[in-house]
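Given next are the chains, with one letter for each unit.
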Amino acid sequence: MKLELFWAKSVPKMSITTHGKIAGIAAQILFDKMLSDGTVQLLSSLMRLERIQLRQFVGYLVSLHDIGKIDYYFQAQDSQTKEVLIAEHLCPDDTFLEKYRHEKTTEQILRTEIWKMQGCDKKTARFYAAILGAHHQGKNGEASPDIELLEDYQIEYERNMREYFMKSNTHVILPEIQEEDRGTVGAILLGLTVLADWISSSDYFEKETDCSPDFEKVQERICDFVEQSGLDKVDRTFGDTFSEVWPEFSKEQMRPLQKEVEKLFQEERKEHIALVLLEAPMGEGKTEAGCYAAVQMGKQYQKNGIYFALPTAATSNQMVGRMRKWLRDDVRLLHGMAWMQDADSIPEGDLHIDDEECAKTARNWLAPVRRGLLSQYAVGTIDQAMMAAMMIKYGCLRLLGLSGKVLLVDELHAYDMYMGTIVERLLEWCKALEIPVVLLSATLTQKKKQQMLKPYTAEAVDNTYPVVTAVTQSGKLLVRPITEITRRQTVQINLLPILHQPQQIAMQAIQLTEQGGCLCVMLNTVKQAQEVYQAIQEIDFDGETLLFHARFPAERRDEIEKTCLQLFGKDKSYRPKKAILVATQVVEQSLDVDFDIFMSSVAPMDLLLQRTGREFRHEETKRPANIKNPVFYVMVPEDGEEADDSAFAADGYVYPICLLRQSIHLLQDRECVRIPEDMAQLVADGYDEEKAPEKYLETWWETEIGDEIRANQSEIYCLSHPKDGFDPIQKINQFAFDDAETDSYFSAKTRLGEATVRIALVRSELYETVHKKIADKQVISQRLAKDVLKQSVSLVKKQVEDILISKQALKGTGLLFGVTMFPSDDETFEENGIRIVFDTVLGACIE
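Treat the numbers as computed from the prediction; the structure is a model and nothing was measured.

Quick word on the overall build of the protein
Item 1. When its secondary structure is counted, the protein shows 32 helices and 24 strands.
Item 2. For the protein, buried positions account for 61% of its 847 residues.
Item 3. Put simply, 77% of the contacts in the protein that link residues at least 6 apart link residues at least 24 apart.
Item 4. As displayed, the protein has an accessible area near 34400 Å², and 46% of this comes from carbon and sulfur atoms.

Shown next as structure tokens:
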């Protein structure tokens, strides 16, 4: 039997030799076109290979990923091949193997046979074999027990690949790597292997099924695919000065923070800067300064792109527009519902992977909705980056994508202890992969600041504020205080003992706007916001009112977000003379809105200070004559800090009660807060139990224990430290989590909270159309999925569990995976004692 008769792909039928060469060529093209020069240099350094040698080795290694298919148990899946093997006595005595996995057979062949016979170092051979053994992830099964039956063909195949890619007819010398560097190298090589395998499995190459395909045409097709998919790096030239990066800012228009960041990169040239943290009040130009820092660090580390990570989908939607305007280029939007905003076409050609589950994952990753982390420039939620540091199937692709970028994280203060632990692990991987990092925050506790800097330096940090903090590649800490501030203001503080009293809150809001002005009432839960809005409607108010929270159907939420920006944003053309916006935390982060008056439910100190940044935000706003200075009203329980724990009610579930009580304790005797002078101390005191009355210390201790538990819970999902190796290679059978954004038990949780489910109430006609598609196992089109998702809302699962067992509950597939649909022509569905209403004004209501 000739080697060319062994098959690798069934649709279309392709020989193992052809598929292996195409995969190796694809890996080399990704090496050339996708990997940043900085990543290539890092690999070259760690593997001690020149660039040309490294490229050859990458092609050779990836070409061997399916050598495990040269085995009876795989080949016998094709009846004709099986007959030939039996006729030539190339079959085992026992021809039954219940759970056979070819990738595990690949690992065994290379580790115990091929590379062992060539005298390769055992540990090194085990490492590279394990990379290839992990290219299908989370699969249960075993290697073939009879690999020696086809040993001659396996040896011939490896020799062919070695001669083709390495130009060597003797034996391979596997590059040896230090133990502590194997995590870094393994992550990149595994990502390249997976991506190259998927590309080579597309029907771009269905003509390459004969024994002597035209590999020059193969290279052309792969180059076309990489370019059409937006995977190729495009060199952009940025200047060294801030004004060259942001031409709309002249030297005179630059703010002090921006000038200090520019000076940092002009003066610190001895070493690359690995991390920059910018802490400054709202309105100091942190976003532009952060982007400038990202560009300069990208040049230092020879990276080709930026991933801008934000806390929520709403803030991502806002930021992508700013980034596209700045770069005048294709910038991907990346979060669970991003394709609703950012739809485009998928390059022609489908993927033909014999394992349908793997094929589905590959299609998702190469579709525009998921390519964000692989594309050069992307804006999305922090969750997408966090999953790179989690034990998730194909998470190696996230690390591969980030390896060519600078990671820019905004609103750092918004991440709790659970998320913070995952972000810390992400930063450890960024350091190992030499991914420069820029962090932005208006308010940050010293504890969280130290946690985020820990992967880069052992030096202690203080609470200097506002400040630019940088860490060099060697761990040297650079602290540059901002002595000038563009926007100084004194905010008067008033505590209102009306928390959880919607009628009183409504009356107060109307009274404060009696003579005009735009007021925001921010509550900590959706239910409270709905109750306050309804109370305002019951009173005669002659201004505009609007309710904004996260529990509106996607289409309606987008409309409200645009209305918010139109009424309260930079453009003052539509700003009302009198208006009340009732909202939840969706207004708190990255939305550029400005109010004359602000009422907020009590919250941790750093978040209250963040909320003050939405008051008197724009200098050009024309204020009502009676509103001379900003006044910030904090709604607290009737008994203030002395209130019983129960008085905090739902707010105590959203935030620790000890932090809410501490905010009241610190603000009750204050007439005002000076920004920025008081911010650092207030934030520090807000999280310092020593500043709390002694009688409340027990609740602090309970909270600290809870924080430790939350941090430990997130550890379950995290990769190990890079110096301990790359888990997806070392613990291939321990993948517990899918790369899916659903409430599935097997989906890794980037945020700790109650499980949610996405519910869609859709017209009966649309429901029947989707039902038929799913029943007939047809593909759900993007247009159809969009129509459904426009009418969907994410709800707490336990509140609607009884309705999920309804016979009419339709579980989505494809683009609707994770969505449960119900038929409704009046935006209401009722069954099993649960009634869901999608109200145009109030949003989703559960009765």
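Here we look at the sheet that holds strand 23 (residues 834-839)
Strand pairing in a sheet takes place through backbone hydrogen bonds and is either antiparallel or parallel in direction.
Item 1. Sheet architecture is open: 3 strands sit in the order 22-23-24, paired in antiparallel fashion. In the strand order of this sheet, the two ends are held by strand 22 (828-831) and strand 24 (843-846), each with one partner. Each neighbouring strand pair of the sheet contributes to a mean axis angle of 10°, computed without reference to strand direction.
Item 2. In this sheet, strand 24 lies alongside strand 23 in antiparallel orientation, the contact comprising 4 bridges. Bridge pairing in strand 24 links Phe 838 to Ala 844.
Item 3. Across the sheet, helix 32 (residues 797-804) is in contact with strand 22, strand 23 and strand 24; its angle to strand 23 comes to roughly 115°.

Things to note about the nonpolar core
Item 1. In this structure, Met 47, Trp 115, Tyr 128 and Leu 407 are the most contacted members of the largest nonpolar core, which totals 129 residues.
Item 2. Tallying contributions element by element places helix 9 (residues 182-200) first for this core, with 11 residues.
Item 3. Ranked by size, the runner-up nonpolar core spans 74 residues in total, among them Cys 520, Phe 552, Leu 609 and Leu 682.

A word on the packing of aromatic side chains
Item 1. The full count for this structure, using the stated rule, is 20 aromatic pairs.
Item 2. Where Phe 595 meets Phe 598, the ring centres are 6.1 Å apart and the plane angle is 80°; that geometry is what we call edge-to-face.
Item 3. Ring-pair connections join several aromatic residues into one group, and the members of that group are Phe 238, Phe 242, Trp 246, Phe 249, Phe 265, Tyr 292 and Trp 326.
Item 4. Sitting above the plane of the Phe 616 ring, Arg 623 keeps its charged end 4.3 Å from the centroid.

Comments concerning the pattern of salt bridges
Item 1. Scanning all chains against the criterion turns up 34 salt bridges.
Item 2. Through salt bridges that share partners, Arg 575, Asp 594, Asp 596 and Arg 623 make up one connected network.

Comments concerning helix 3 (residues 51-63)
Item 1. Taking 1.5 Å per residue, 13 residues should reach 18 Å; helix 3 reaches 18 Å between its end C-alpha atoms and fits that length.
Item 2. Within helix 3 the residues assigned to the buried category are Leu 54, Phe 57, Val 58, Gly 59, Tyr 60, Leu 61, Val 62 and Ser 63.
Item 3. On its buried face, helix 3 is in contact with helix 1 (16-33), helix 2 (37-47), helix 6 (102-117), helix 7 (122-133), helix 8 (151-166) and helix 9.

Side note on the side chain of Asp 678
Item 1. Structurally, the position occupied by Asp 678 is in the loop between strand 17 (672-675) and helix 27 (679-686).
Item 2. With relative accessibility at 8%, the residue Asp 678 sits in the buried group.
Item 3. Those residues in contact with Asp 678, other than ones at most four positions away along the chain, are Arg 670, Cys 672 and Val 673.

Re the pairing of strand 23
Item 1. In the sheet, strand 22 pairs with strand 23 via 4 bridges, with the strands oriented antiparallel. Within the sheet, the bridge partner assigned to Phe 829 lies in strand 23 and is Ile 836.
Item 2. Between strand 22 and strand 23, which follow one another and run antiparallel, lie 2 residues, and Asn 832 among them has a positive phi close to 55°.
Item 3. The antiparallel pairing of strand 23 with strand 24 creates a hairpin that spans 3 residues between the two strands.

Notes on a positive patch on the surface
Item 1. Judged by side-chain charge, Arg 111, Lys 116, Lys 122, Lys 123 and Arg 126 come together as a positively charged surface patch.
Item 2. Those elements that place two or more of their residues in the positive patch are helix 6 and helix 7.
Item 3. The biggest single contributor to the positive patch is helix 7, with 3 residues.
Item 4. In this fold, Arg 111 is placed in helix 6.
Item 5. Here Arg 111 falls in the partly exposed class, since its relative accessible area comes to 34%.

Description of the environment of Leu 660
Item 1. You can see Leu 660 is positioned in helix 26 (residues 657-667).
Item 2. A relative accessible area of 0% places Leu 660 in the buried class.
Item 3. Along the chain, Leu 660 and Glu 641 lie 19 residues apart, while their C-alpha atoms are 8.4 Å from each other.
Item 4. Ignoring any residue separated from it by four or fewer positions in sequence, one finds Leu 660 in contact with Val 602, Ala 603, Pro 604, Phe 648, Asp 651, Gly 652 and Tyr 655.

Structural notes on helix 22 (residues 526-537)
Item 1. Helix length check: helix 22 (12 residues) gives 17 Å between terminal C-alpha atoms against 16 Å at 1.5 Å per residue, within 8%.
Item 2. When helix 22 is considered as a whole, its buried residues turn out to be Val 526, Gln 528, Ala 529, Gln 530, Val 532, Tyr 533, Ala 535 and Ile 536.

Looking at the packing of helix 7 against helix 9
Item 1. One way to put it is that helix 7 packs onto helix 9 with a least axis distance of 9 Å and a crossing angle of 40°. Helix 9 is crossed by helix 7, and the crossing has right-handed handedness. Between helix 7 and helix 9, the residues in contact are Lys 123, Thr 124, Phe 127, Tyr 128, Ile 131 and Leu 132 and Arg 182, Val 185, Gly 186, Leu 189, Leu 190 and Thr 193, respectively.
Item 2. Considering only residue class, the contact of helix 7 with helix 9 consists of 7 nonpolar, 3 polar and 2 charged.

Parameters and conventions
- Residues numbered from 1 in each chain as written.
- Predicted model: local features only at pLDDT ≥ 70, side-chain atom pairs only at ≥ 80, totals over all residues.
- Heavy atoms only, no water.
- Helix = DSSP H or I, 4+ residues; strand = E, 2+ residues; numbered from the N terminus.
- Buried < 20%, exposed > 50% of the residue type's maximum accessible area, 1.4 Å probe, protein only.
- Contact = heavy atoms within 4.5 Å.
- Areas by Shrake-Rupley, 256 points an atom, 1.4 Å probe, with all protein chains shown as cover.
- Pairing = 2+ DSSP bridges.
- Axes fitted to C-alpha atoms, helices over the stretch in contact; angles between N-to-C directions.
- Core = buried A, V, L, I, M, F, W, Y, C linked by side-chain atoms within 4.5 Å.
- Phe/Tyr/Trp six-rings, centres within 6.5 Å; stacked < 30°, edge-to-face > 60°.
- Lys NZ or Arg CZ within 6 Å of the ring centre and 35° of its normal.
- Salt bridge = Lys/Arg side-chain N within 4 Å of Asp/Glu carboxyl O.
- Expected span 1.5 Å × (residues − 1).
- Patch = residues over 30% accessible without salt bridge, like charges linked within 9 Å, V, L, I, M, F, W, Y side chains within 5 Å.
- Lys, Arg positive; Asp, Glu negative; His and termini not counted.
- Charge placed at Lys NZ, Arg CZ, Asp CG, Glu CD.
- Left-handed = near helix turned anticlockwise from the far one by under 90°.
- Nonpolar A, V, L, I, M, F, W, Y, C, P; charged D, E, K, R; others polar.

Purely spatial values, then, with no claim about function.
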